[in-house]
Amino acid sequence: FLSVPALMALREENKRNSCSVELITKAKKSCVAYREPPPRKPGQKGRPRLKGECVKVATLFETMKSAFVPARIEMYGKLEDVCFYCIDLLWGRTLYQPLRFVLVRRGTTNSILVSTQLDLAPETIIRLYSYRFRIETMFRELKQQIGGFAYRFWTKSLAKLNHFRKETDPSPLASITSEKDRDNILRAVRAIEMHALVASIAMGIV
């Protein structure tokens, strides 16, 4: 499920660009969200509330059972009969960003999908999430059959990674001041990117 830092970074990135990036993912069955805070009463003192009633999203499969809508949606390359319930709730401790939750019942399987784009239709969210299978299959073929990630480009100009480095420790890149070393690192990164790009083109041809 999405993390608060990820949502904050996405929000800031969308502010800096003319086009926005939205996410669709699957939430844990144990996820908790919040309703919008109630409107303030005239003359009410104190800071405005950031959130309303706490909602254990998975419980909506039972409490809102009568509100589920039947639909036939293209999923995994074929039409599937599902039932869904859509609700917008606040999520993320200290962030409370509105997200669109789509509870999906497919046979005996229950899933909770989440979208950062609030105006997407529930049917669209379900269909787009099903493309995950195609994406994962593509990466598997790219990795295992084409060798798109089997690159061997490195440079001695870049220090070895320290897996025990703390977040408060300075980045290894900060200590690189030589223009030659910087150029070598950029060349290595470009070689990696070009290898993956050529492998993707090869997979498309195959």
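The rules behind these values
- Residues numbered from 1 in each chain as written.
- Predicted model: local features only at pLDDT ≥ 70, side-chain atom pairs only at ≥ 80, totals over all residues.
- Heavy atoms only, no water.
- Helix = DSSP H or I, 4+ residues; strand = E, 2+ residues; numbered from the N terminus.
- Expected span 1.5 Å × (residues − 1).
- Buried < 20%, exposed > 50% of the residue type's maximum accessible area, 1.4 Å probe, protein only.
- Arc of directions from axis to C-beta.
- Contact = heavy atoms within 4.5 Å.
- Axes fitted to C-alpha atoms, helices over the stretch in contact; angles between N-to-C directions.
- Parallel < 35°, antiparallel > 145°, perpendicular 65-115°, else oblique.
- Phe/Tyr/Trp six-rings, centres within 6.5 Å; stacked < 30°, edge-to-face > 60°.
- Lys NZ or Arg CZ within 6 Å of the ring centre and 35° of its normal.
- Nonpolar A, V, L, I, M, F, W, Y, C, P; charged D, E, K, R; others polar.

**Student:** I'd like to hear about helix α1 (residues 4-16), residue by residue, with values.
**Tutor:** Here α1 contains 13 residues, and its C-alpha end-to-end distance of 19 Å stays within 8% of the 18 Å for a straight helix at 1.5 Å per residue. Within α1 the residues assigned to the buried category are V4, L7, L10 and N14. Each buried residue of α1 lies within a common arc of 125 degrees when the element is viewed along its axis, so the set occupies one face. Away from its buried face by more than 90 degrees, α1 exposes P5 and R16. In this structure, the buried residues of α1 make contact with β5 (78-91) and β6 (97-106).

**Student:** Can you tell me about the packing of helix α4 (residues 132-145) against helix α5 (residues 179-205), naming the residues and giving the values?
**Tutor:** Two elements in contact, α4 and α5, have axes separated by 10 Å at closest approach and are oriented at 110 degrees. On the basis of their axis angle, the class for α4 and α5 is roughly perpendicular. Residues M138, E141 and L142 of α4 form the contact with α5, whose participating residues are A199, S200 and M203.

**Student:** Can you break down unusual backbone geometry residue by residue, with the values?
**Tutor:** You will see that Y96, though not glycine, has its phi angle at about 55 degrees, which is positive. On the secondary structure map, Y96 appears in the loop between β5 and β6.

**Student:** Before we move on, can you summarise the packing of aromatic side chains with the specific residues and values?
**Tutor:** Each aromatic ring pair is characterised by the separation of its centres together with the angle its planes make. Scanning the model with the defined rule gives three aromatic pairs in all. Consider the rings of Y34 and Y96, whose centres lie 5.7 Å apart with planes at 90 degrees: the pair is edge-to-face. Remark: Y96 occurs in the loop between β5 and β6 and Y34 occurs in strand β2 (residues 32-34); sequence separation between them is 62 residues. Of the residues examined, Y34 reaches a relative accessible area of 17% and is grouped as buried. An aromatic cluster of at least three residues, connected via ring pairs, comprises F61, F68 and Y85. Lying across the ring of F68, R105 places its NZ or CZ 4.8 Å from the centre.

**Student:** Run through the packing of helix α3 (residues 122-130) against α4, naming residues and quoting values.
**Tutor:** One can describe the packing of α3 onto α4 by two numbers: an axis separation of 4 Å at closest approach and a directional angle of 15 degrees. Relative to α4, the element α3 lies roughly parallel. Contacts from L128, Y129 and S130 in α3 reach R132, F133 and R134 in α4. Counted by class, the contact of α3 with α4 contains three nonpolar, one polar and two charged residues.

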